[in-house]
Amino acid sequence: MSTLLAALGRWSYRHPWRVIVTWMLLLGLAGAGAVVLGSGTDNSFSIPGTESEAGIEQLSRTFPQVSGTSAQLVIVTDNGAPIDEAPYADAINTAVDEFEALPQVSAVSDPFSEQVHGLISEGGDAAIVRLQFDGQSSDVTPGTLSDLERITTELDDALPAGAQAALGGDLFSQNIPGLTLTEAVGLIVALLVLIVTFRSFVVAGLPLLTAILGVGLSMALIFFATAFAPISSTTPLLALMLGLAVGIDYALFIIARHQDQVRDGIEPEESAARATGTAGSAVVFAGVTVLIALIGLSFAGIPFLTTMGIAAAVSVAIAVFVAVTLTPALLGLLKGRVVGRPRRVRGKKGAVDASAAASGTPAASATPAKPKVGFARRWVRLVTKHPIVTTVAVVVGLGLSAIPIGGLALALPNAGMLPAETQARQSYELASEHFGAGFHGPPILPGTTVSSTAPLGPMH
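So, how was this worked out
Starting afresh in each chain, residues are numbered from 1 along the sequence in its written order. The predicted nature of this model means local features are confined to residues of pLDDT at least 70 and side-chain atom pairs, given and counted, to a pLDDT of 80 or more, with totals for whole chains, interfaces and linings taken over all residues. To get the side-chain values, all heavy atoms of the structure are used, and hydrogens and water are removed first. Note on conventions: DSSP H or I runs of at least 4 residues are helices, E runs of at least 2 residues are strands, and numbering of each starts at the N terminus. The span one expects for a helix is its residue count, reduced by one, times 1.5 Å. Note on geometry: axes are C-alpha line fits, over the in-contact stretch for helices, and angles between N-to-C directions span 0 to 180 degrees. The crossing is said to be left-handed when, going from far helix to near helix, the turn is anticlockwise and less than a right angle, and right-handed when the turn is clockwise. Here, residues are in contact when the closest pair of their heavy atoms is within 4.5 Å. Under the grouping applied here, Gly and all other residues not named as nonpolar or charged are polar, the nonpolar ones being Ala, Val, Leu, Ile, Met, Phe, Trp, Tyr, Cys and Pro and the charged ones Asp, Glu, Lys and Arg. Any two of the Phe, Tyr and Trp rings considered here, Trp counted by its six-membered ring, make a pair once their centres fall within 6.5 Å; the pair's planes then place it as stacked at under 30 degrees, edge-to-face at over 60, or tilted in between. Residue exposure (1.4 Å probe, protein chains only): buried if accessible area is under 20% of the type maximum, exposed if over 50%, otherwise partly exposed. Each salt bridge in this description consists of a side-chain nitrogen of Lys or Arg and a carboxyl oxygen of Asp or Glu lying within 4 Å of one another.

**Student:** It is not clear to me how helix α7 (residues 181–198) should be interpreted in this structure. Could you clarify?
**Tutor:** Turn by turn, an α-helix covers 3.6 residues, leaving residues three or four places apart pointing in a common direction. The end-to-end C-alpha distance of α7, which contains 18 residues, comes to 26 Å, matching closely the 26 Å that a straight helix rising 1.5 Å per residue would cover. Count one or two residues on from α7 and you reach R199, which has phi positive near 55 degrees.

**Student:** Would you mind going over the packing of helix α8 (residues 201–225) against helix α9 (residues 234–263) with me for this structure?
**Tutor:** A pair of packed helices is captured by two measures, namely the crossing angle of their axes and the spacing between those axes. Running from N to C, α8 and α9 cross one another at 150 degrees; their axes reach a closest spacing of 8 Å. Both α8 and α9 take part in a crossing whose hand is right-handed. Facing α8, whose interface residues are V203, L206, P207, L208, T210, A211, I212, V215, M219, I222 and F223, α9 presents P236, A239, L240, G243, L244, G247, I248, A251, L252, I255 and Q259. Considering only residue class, the contact of α8 with α9 consists of 18 nonpolar, four polar and no charged.

**Student:** Just checking my understanding: could you explain the packing of aromatic side chains for this structure?
**Tutor:** To describe a pair of aromatic rings, one takes the distance between the centres and the angle between the planes. Enumeration over the complete set of coordinates arrives at two aromatic pairs. A ring pair is formed by F224 and F228, whose centres lie 5.4 Å apart and whose planes are at 70 degrees; its orientation type is edge-to-face. Judged by relative accessible area, F224 falls into the partly exposed class, the value being 28%. Given a relative accessible area of 62%, F228 falls into the exposed group. Measuring from ring centre to ring centre gives 6.5 Å for Y250 and F253, while their planes differ by 40 degrees; the resulting arrangement is tilted. You can see Y250 and its partner F253 sitting in helix α9, three residues apart, about one turn around the helix. On the basis of relative accessibility, which here comes to 39%, the residue F253 falls in the partly exposed class.

**Student:** What is the right way to look at the environment of F223 in this model?
**Tutor:** In this structure, F223 sits in helix α8. Residues F223 and S39, spaced 184 residues apart in sequence, show a C-alpha to C-alpha distance of 7.6 Å. Here F223 is in contact with A34, G38, T41 and P236, once residues within four sequence places are set aside.

**Student:** Is there a simple way to explain the environment of A424 in this structure?
**Tutor:** Its location among the elements puts A424 in helix α15 (residues 423–435). On the basis of relative accessible area, A424 is assigned to the buried category, the value being 5%. Between the C-alpha atom of A424 and that of L167, which follows or precedes it by 257 residues, the distance is 5.9 Å.

**Student:** I tried to follow the pattern of salt bridges on my own but got confused; where do I start?
**Tutor:** Pairs can form between side chains of opposite charge whenever their charged atoms are close. Following the criterion strictly, the structure yields seven salt bridges and no others. With a closest N to O distance of 2.6 Å, R14 and E269 form a salt bridge. Within this pair, whereas R14 is found in helix α1 (residues 2–14), its partner E269 is found in helix α10 (residues 268–295), the two being separated by 255 residues in sequence. A relative accessible area of 52% means that R14 is categorised as exposed. A salt bridge links E154 to R150; the nearest nitrogen and oxygen atoms lie 3.4 Å apart. Of this pair, E154 and R150 both sit in helix α5 (residues 142–158), four residues apart, which is roughly one turn of that helix. In this structure E154 comes out as partly exposed when scored by relative accessible area, which is 36%. A cluster of three or more residues bridged by salt bridges with shared partners is formed by R10, R14, E269, E270 and R274.

Keep in mind that these numbers describe shape and distance, not what the molecule does.
Here it is, written out as structure tokens:
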């Protein structure tokens, strides 16, 4: 393995533009396929083999009109006024008529209908309008969502001051995580750490560059794959996070080994080959270990977990190939510029300048210099001199960094976990307040009175 990787690293070092152009072509082809054929991610989740999934399938077969996604509009009067009297009843009836006119709405439950029960609170000061849609939440168009918000706003304006109208339900309860400013801040911090590590801005950018290219190719392939299989919205985010993490680390292993070897006097080409053969072997071993762990998610038998594991495994595999090919190719472009700030060559009698060592001047004849204490040595002396202060500072720092764990939600997501300023969260809390805490989780028990072996005939 080491010999093969060393030969691959040497070839990539000698032919950098071939390697770079090849990776850019792959990225362009995958990106074009994602744009032309990609159908978008799917937010629906299922767990085959469970009773709840079997119940949902039975419901979709026998009552397809109620198997799609749903929404609810919660209306609460001001100061406990009766909601079935004017002006509340008139405004709600107008909103119900407008909801029924929307093309994707299959049914609307009027809280004042004699055939509907349980949609007016026991106190008579709150009501719920339920909306049933054709298909799942991903099938609802942005135009329909805009119409729902418009009708809700018009209803809220028609109600007396102090009344509340909040739109929520299953359609608005999903909060799929996405890219935020946090990821950009993480990249900046990583760049600063790499600059300190390599003492060169150019070299510090190489791991980030290779990681970003690998992640870009992974994302393009994932969205291209949506044309052939459903992929959940969380899959690209997982692949992105893992791809960035391992992409930076794997390139860092090879570049750090190469930089140390060049500083020790090894020719850049030979150093790139050795670094790819030695550190590259560790990269391949680490990558294969991660691949096994991610592909192992498929043994859970849950389709969306299997998809997430495979997509993340593809991202890690690409990071490995990028590290052992593109990294030495970029080193071939930089050649001797990867050394960064020159080291000081130290002897027993003091520090000797690197130029004196390179010129062949004996250490004894060189002018002894005062030993220079580096930052790392000064830092170690500081923390060991004050162990109690250091320990307390570390514990406090870990405690502060663990504060975000207070917002960690381990249960299945619902509207109660959304930000407090969202309408879906307000609708969830209003319904819980006026209709009971268990109102959002009613049990559904679909069944049939005819089995597949029952004879057909008259009933007595």
